[in-house]
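Understanding the architecture of this molecule
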Amino acid sequence: MFCHYHFDTCSRHQHHWLLLVLASLLFVLMTTTPPLGLVGTGGVAAAVAVTTDKLATENDILRFSYELESWLDLTKKPCEDFFGYVCERSLNATAQTQHDKRQQQEQLKFNKFLEATNDEELMDVELKVKHFYDSCQNARTMDHLKSTLMYRLSGGWPAIDDSMAMLRKRRNMTWLQVLSIFHEAGVPYFFKTQIELRSNKRIVEIRPDDSIRFTLRKFEQMSGEIMHAYDVNAGKARLVALEILNFERNSRDIMKIAIAPDEKVNEYSYEDFKGLNFGSVAPLDWDTYFRKVMGKPLKSTDTVIVMELPKMIQYFELLQSTTLTRFLNWLWIDYLMDKTSADCQKLTETYFGPVYKHIVERSAINKVQMAQMYSELGQSYDQLLANTPWIDEITQQNSKLFLGRIMHLTLNGDAKLDAEYESLSITKRNFYRNLEKIQRFLAQRSKQDSDAKPISRTTNQVTRSCQIFMESFLTINNIMQQQQNLSAPLNYVLVAQNFAEMMIGGAHATPGAWRSTDSDRQYATFERCLARQQIPGTINASRTFNLNNLILKLLAQQQAWYTYKQWLQHDEEFIQKLDRLLQAGHLQMSMEKLYFVASTLLDCQLNPSTERRTFLHAFLKQSKEFQQVFKCQPRDPLYMLNKCSLL
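Described in the following lines is the structure provided in the data block. Here the structure is a predicted model, which is why all the values come from computation and not from measurement. Residue positions are given per chain, counted from 1 along the sequence in the order it is written. The predicted origin of the model limits local features to residues at a pLDDT of at least 70 and limits the giving and counting of side-chain atom pairs to 80 or more, whereas totals for whole chains, interfaces and linings rest on all residues. Water and hydrogen atoms play no part in the side-chain values, which are based on all heavy atoms of the structure.

Considerations on the packing of aromatic side chains
Let me state the cut-off plainly: Any pair of Phe, Tyr and Trp rings, taking the six-membered ring for Trp, is counted once the centres come within 6.5 Å. Such a pair is stacked with planes under 30 degrees apart, edge-to-face with planes over 60 apart, and tilted for the rest. Going along the chain from the N terminus, every DSSP run of H or I of four or more residues is numbered as a helix, and every run of E of two or more is numbered as a strand. Here the term buried applies to any residue with accessible area under 20% of the maximum for its type, exposed to any over 50%, and partly exposed to those in between, with areas from a 1.4 Å probe on protein chains only. Two thresholds decide whether a charge sits over a ring: the Lys NZ or Arg CZ must be within 6 Å of the ring centre and within 35 degrees of the ring normal.
Tallied over the entire structure, the rule returns 54 aromatic pairs. Centre to centre, the rings of F626 and F630 are 5.0 Å apart; their planes meet at 40°, and the pair counts as tilted. Here the residue F626 and the residue F630 both occupy positions in helix α30 (residues 624–630), the gap between them amounting to 4 residues, near one helical turn. Residues F626 and F630 agree in their burial class; the two are buried. Taken together, the ring pairs connect F82, Y85, Y492, W561, Y564, W567, Y595, F596, F626 and F630 into an aromatic cluster. The ring centre of F113 lies 5.5 Å from the NZ or CZ of K130, which sits over that ring.

Here's the deal with helix α10 (residues 175–184)
In terms of burial, α10 is a largely internal element, 9 of the 10 residues being buried. Taken as a whole, α10 has its buried residues at W175, L176, V178, L179, S180, I181, F182, H183 and E184. The first or second residue beyond α10 is G186, which carries a positive phi of 85°.

Observations concerning the sheet that holds strand β4 (residues 303–307)
So the rule is basically this: Strands qualify as paired when DSSP identifies two bridges or more between them. Note on geometry: axes are C-alpha line fits, over the in-contact stretch for helices, and angles between N-to-C directions span 0 to 180 degrees. In this analysis, two residues are considered to be in contact whenever any of their non-hydrogen atoms come within 4.5 Å of each other.
The strand order β1-β2-β4-β3 describes an open sheet built from 4 strands, whose pairing is mixed. Each edge of the open sheet is held by one strand with a lone partner, namely β1 (191–198) and β3 (265–269). Strand-to-strand twist across the sheet, computed as the mean angle between neighbouring axes with direction ignored, equals 20°. Its contacts with the sheet place helix α14 (residues 286–293) against β1 and β2 (201–208), and it is angled at close to 75° to β1. Sitting on the sheet, helix α15 (residues 309–320) touches β1, β2, β3 and β4, and the angle it makes with β2 is about 65°.

As for the environment of K77
Structurally, the position occupied by K77 is in the loop between α2 (40–68) and α3 (82–86). Sequence separation between K77 and D636 is 559 residues, and the spatial gap between their C-alpha atoms is 9.4 Å.

Focus: helix α20 (residues 393–412)
To keep things clear, this is the line we draw: Multiplying 1.5 Å by the residue count of a helix minus one yields the expected span of that helix. Under this definition, polar contacts are N or O atom pairs within 3.5 Å; protein pairs additionally need one hydrogen-donor-capable and one acceptor-capable atom, and for neighbouring residues in sequence, both atoms have to be side-chain atoms.
Between the first and last C-alpha of α20 there are 28 Å, a value that for 20 residues agrees with the 28 Å anticipated at 1.5 Å per step. Capping the start of α20 is the job of one residue whose side-chain oxygen sits 3.4 Å from the backbone nitrogen of I394: D392. In the segment just after α20, G413 is the residue with positive phi, at about 80°.

Quick word on the nonpolar core
Spelled out, the test is: For the purposes of this section, nonpolar cores are sets of buried Ala, Val, Leu, Ile, Met, Phe, Trp, Tyr and Cys residues that join through side-chain atoms within 4.5 Å.
W157 and W286 are the most contacted members of the largest nonpolar core, which totals 93 residues. The biggest single contributor to this core is helix α16 (residues 324–336), with 9 residues. Sequence-distant contacts of W286, that is, excluding residues within four places in its chain, are made with L176, F191, Y270, F273, K274, F278 and F316. Counting residues in hydrophobic clusters, the runner-up holds 88 residues, among them Y85, Y381, L494 and Y523.

Some details on the environment of I438
Mapped onto the fold, I438 is located in helix α22 (residues 431–448). Residue classification places I438 among the buried residues on the basis of a relative accessible area of 0%. Taking the C-alpha atoms as reference points, I438 and Y421, separated by 17 residues in sequence, lie 9.5 Å from one another. Sequence-distant contacts of I438, defined by excluding residues within four places in its chain, comprise F132, Y351, F352, L424 and I426.

Overview of the packing of helix α12 (residues 234–255) against α15
Selection rule: Small angles under 35 degrees read as roughly parallel and large ones over 145 as roughly antiparallel, with 65 to 115 read as roughly perpendicular and the rest as oblique. Left-handed is the label given to a crossing in which the near helix is rotated counterclockwise from the far helix by less than a right angle, and right-handed is the label when the rotation is clockwise. Gly counts as polar in this scheme, as do all residues outside two lists: the nonpolar Ala, Val, Leu, Ile, Met, Phe, Trp, Tyr, Cys and Pro, and the charged Asp, Glu, Lys and Arg.
One way to put it is that α12 packs onto α15 with a least axis distance of 9 Å and a crossing angle of 165°. Considering their axes alone, α12 and α15 lie roughly antiparallel with respect to each other. The way α12 lies across α15 gives a crossing that is right-handed. Within the contact between the two elements, α12 uses F247, N250, S251, I254 and M255 and α15 uses K311, Q314, Y315, L318 and L319. Of the residues assigned to the contact of α12 with α15, the class counts are 6 nonpolar, 3 polar and 1 charged.

What follows is the structure, given as structure tokens:
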């Protein structure tokens, strides 16, 4: 079924496998009890599977309904102020509360991913994340640190290493050479260097780094903890602590220097930059630095832009007047402050950002069940919308590409992520070596971004649609208070309408760009119908939203509602039982009411502003399904006075 609906990435083998999986799934969903003639262990297993599925669905629905009590404002009446009924309490929650809740949910999902024993089912890049996290937790000894390339090249950490090899290495090094090793590995201390191509000419920007992660007191405390953790001799540790604390104070004083506007940007040719006078600093070997950091030498005609030059001079003079031993002690202690085992999840998120997001988006979903829903929404798109004047051939093509891409992401993971991280070798054994590999990998990838090939407009549109939908999918999952693998009905009420909007064309920056020019007549008819409905005291007579957005949402709702109703009809007896249980609750909910409440609650989370009220009320006013489900009366503000039909 999946491959039948524009799943171009499926092989013939995958096609048959998916059909078998979906046939089995549909059998479970549509069967209430096993046939009377079914005997033996197979029949018992099927009966148990059906019962287990129904029990899980029942628990999910009741738990979600119970959680809704903390969201809804029962002093408001749905047919008078549905926005207030569903949205106002959640919008009044502080941004910090919502952020904390989102962080908590992401951590729960990531923990579930870490605890699962399904390594053979993971993408290569997901397995690398697991290995990196394991090495972060376990492989953190001094020997592991000394085994890294960055440690050996930089001359090591003098406080723990006075070997002859390291002493010889340090004897012939300058502070700029040491910085170049950290910079190459993606750790830009004191200044950041960025290169890009403009009009086929290389532009290099050098900008001072004035970011402070900790207070001075916290820095002093953590430096002591780091030296204790790595068994630095107590007498030496006291001396090192005094030296690096003095260096830290001096560098922070430089950060606070105010720069005059005319000194913020200075532009040079590379030839002139090499001859630039940085105060009392001895001549610097910039050729070696750029060859190390950029991987290529600069030409004399390349442009170098120096930001906040006076601050750069102060930094360089500080480094020039500091012994290399003191400088290396400061560097390694500062570097190790962010590498504690308590920060493993933060480090994973920092260095595997796209993969981490991919994991928390998908770790809690039933992939086959979600893809089944996407397929059914695709079929309803064909049945309801494809032959209407609203959708032209180009929009249909984008919709089908979007559906195929999302289904591929859902079932097979993101192959693009695998490809991007393919060259990165991560094991469970050595955290510092793994960290250095990732830092170098990310630094190298940032250099190659300017060489990226342009992609077609259609592919870009589909990619943007998928990105927006997956971002909203993360919000959808975070609505749930407790970690759970959402069952089919909650997938429909939370995901289906938003998915349908994206599939039709909700990622277009211009409202209505998805709409066919053949729909102009229907558009004008609908607009006139709306104008007749705009009675003062019901909804705002002056429209504050784009009509194309309203039409898009109505078409998406019809597509999602049609699919949801089909699912409800699979097992009417079970749905009637759920309705009775929901009706007995404080909210007096039903499966149909749940659709409008949940989809509107999601809309509030994705569009958190009270200005959305007018738009949502206009949308509900045109939905005959909403009127029927909530039994709105002619005297209610959201009652539909005229039937402004789109199809």
